[in-house]
Amino acid sequence: MMSRLFEPLSIGNLRLQNRIAIAPMCQYSAEDGQATDWHMIHLGHLALSGAGLMILEATAVSPQGRITPWDLGLYSDETEAALARALKAVRTYSPIPVAVQLAHAGRKGSSRTPWDGGAQIRPDEPLGWLTEAPSAVPHAEHEASPMGLDRDGLNRVRNDFARAAQRAARLSLDGIELHGAHGYLLHQFLSPIANKREDEYGGSLENRMRFPIEVFEAVRDVFPAEKPVWMRISATDWVPNGWDIEGTIALSKALRSRGCAAVHVTTGGVSPAQAIKLGPGYQVPYAQRVKAEVGLPTMAVGLITEPEQAEAIIANGEADMVSLARAMLYDPRWPWHAAAKLGAQVRAPKQYWRSQPREFKDLFQNAKHGQR
């Protein structure tokens, strides 16, 4: 039987060869927001994986929107040129569609790298800065408070997203994912845990959704109409009285009416008090509800590690794509091995065709090899 995981899928007008996405994974290896040789190696490596889509790591729309001082950015001519260099290398050797995740860290910015503990760098410390958020409420009690965004600040951040989208268009990226998850700025507006505003951007569900929707509209307006824009959303905060699946469905419906092409469903990140119930595919049921009740293509993520597990998620209609992060870092040829197990074919670079195992003679599409 034909593998459902390796069936083609369209997100808007973007045609994907299969339903495996490489999820955005921060590398904390940029210099002043600029992609480095690490990005060329890392992205080039993953571009040969055979996945249907690669989404670049959270890419800050402004310097203060970075999670760490070493985050990738797309907010200046220098950051645009550096990313162009890495993308040129990818495109020379791989036809994989590439999207970018545009992001603003909000109150979770000014952090150390994960391998240095990940703690906040306070504004008065070297490399630190004053973060900005919907409200002057810190992520954790002991941390420095962010600056609450005023009307001018909201306009500036919205414009930063739009300008980054224009740069993404100049780089000929195939799609844009807006980061509305994991406790970063757009998620902070959505969650009553972080959003304590008393104006039209706080309080009711409609008001808390307002700024993320405005950002989506600003990005959609300036990115080529034939290319998709979608959002990653945390479906629950895993905290009582926080953001939840009902809000996620309402937001997804509002985004759909404004031209959103898909929803990338994840969870958590807005509060240290979260109580996540981990297990294989633990976030998939949230993607399933969004798919069923909104009707947009959905991407599911979260402890999806085995080909048979991914196949079942697609075959059972729980999601339209699976999105792999840590599993792909651990095994950058995961799609090859999944295709071998599921009796499917996968795209591989011609330089690697002769690696095709003898027991899987039709694994690589259009493969041929001869030698004197």
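Residues numbered from 1 in each chain as written. Predicted model: local features only at pLDDT ≥ 70, side-chain atom pairs only at ≥ 80, totals over all residues. Heavy atoms only, no water.

J.: Is there a simple way to think about the overall build of the protein in this case?
T.: When helices and strands are tallied, the protein shows ten helices and twelve strands. Computed over C-alpha atoms, the radius of gyration of the protein comes to 20 Å, within 12% of the 21 Å expected from 2.2 N^0.38 for 372 residues, which places it in the range of a compact globule. For the C-alpha atoms alone, the extent of the protein along its principal axes is close to 70 × 40 × 40 Å. Taking all 372 residues of the protein together, 60% fall into the buried category. Summarising the internal contacts of the protein: among those between residues at least 6 apart in sequence, 68% fall at separations of at least 24. For the protein, the accessible surface area stands at approximately 15,800 Å², while carbon and sulfur atoms represent 50% of it. In the protein, which carries 40 positive and 40 negative side-chain charges, the distance between the mean positions of the two groups comes to 7 Å. (Helix = DSSP H or I, 4+ residues; strand = E, 2+ residues; numbered from the N terminus. Rg over C-alpha atoms; globule rule 2.2 N^0.38 Å. Buried < 20%, exposed > 50% of the residue type's maximum accessible area, 1.4 Å probe, protein only. Contact = heavy atoms within 4.5 Å. Areas by Shrake-Rupley, 256 points an atom, 1.4 Å probe, with all protein chains shown as cover. Lys, Arg positive; Asp, Glu negative; His and termini not counted. Charge placed at Lys NZ, Arg CZ, Asp CG, Glu CD.)

J.: How do you make sense of the pairing of strand β5 (residues 98-103) when you look at a structure like this?
T.: On any regular strand, side chains alternate: one points to one face of the sheet, the next to the other face. Judged by how many residues are buried, β5 sits mostly within the fold: six of six residues are covered. Neither face of β5 is exposed, since V98, V100 and L102 on one face and A99, Q101 and A103 on the opposite face are all buried. As judged from the six bridges shared by strand β4 (residues 53-60) and β5, these two strands associate in the parallel manner. Of the residues in β5, the one forming a bridge with I55 is A99. Each parallel crossover has a hand, and the one from β4 via helix α2 (residues 77-93) to β5 is right-handed. The pairing of β5 with strand β8 (residues 175-180) spans four bridges and is parallel. Bridging from a neighbouring strand, Q101 pairs with E177 of β8. (Pairing = 2+ DSSP bridges. Right-handed = clockwise from strand over helix to strand, strands pointing away.)

J.: I would appreciate a short explanation of unusual backbone geometry in the present structure.
T.: Across the chain, the bulk of peptide bonds are trans and the bulk of non-glycine residues have phi less than zero. A positive phi angle is found at S172, which is not glycine, with a value near 60 degrees. By secondary structure assignment, the location of S172 is in the loop between α3 (151-170) and β8. A positive phi is found at H182, a non-glycine position, where the angle reads about 55 degrees. Structurally, H182 can be placed in the loop between β8 and α4 (185-190). For H182, a relative accessible area of 22% puts it in the partly exposed group.

J.: What am I meant to see in empty space enclosed by the protein here?
T.: Leftover empty space is mapped by rolling, across the atoms, a probe with the size of a water molecule. The full count for this structure, using the stated rule, is two cavities of 30 Å³ or more. Taken together, I22, A23, P24, M25, Q27, H42, L43, L46, M54, I55, L56 and E57 form the lining of the largest cavity. Listing elements by their share of the lining of the largest cavity, those giving two or more residues are α1 (37-47) and β4. It is β4 that provides the largest number of residues to the lining of the largest cavity, a total of four residues. (1 Å grid on protein atoms, 1.4 Å probe; cavity = no way out; pocket = protein on both sides within 12 Å on 5 of 7 lines; lining within 4 Å. Points joined across faces, edges and corners; volume = space filled by probe spheres on them.)

Just geometry here; none of it tells us what the structure is for.
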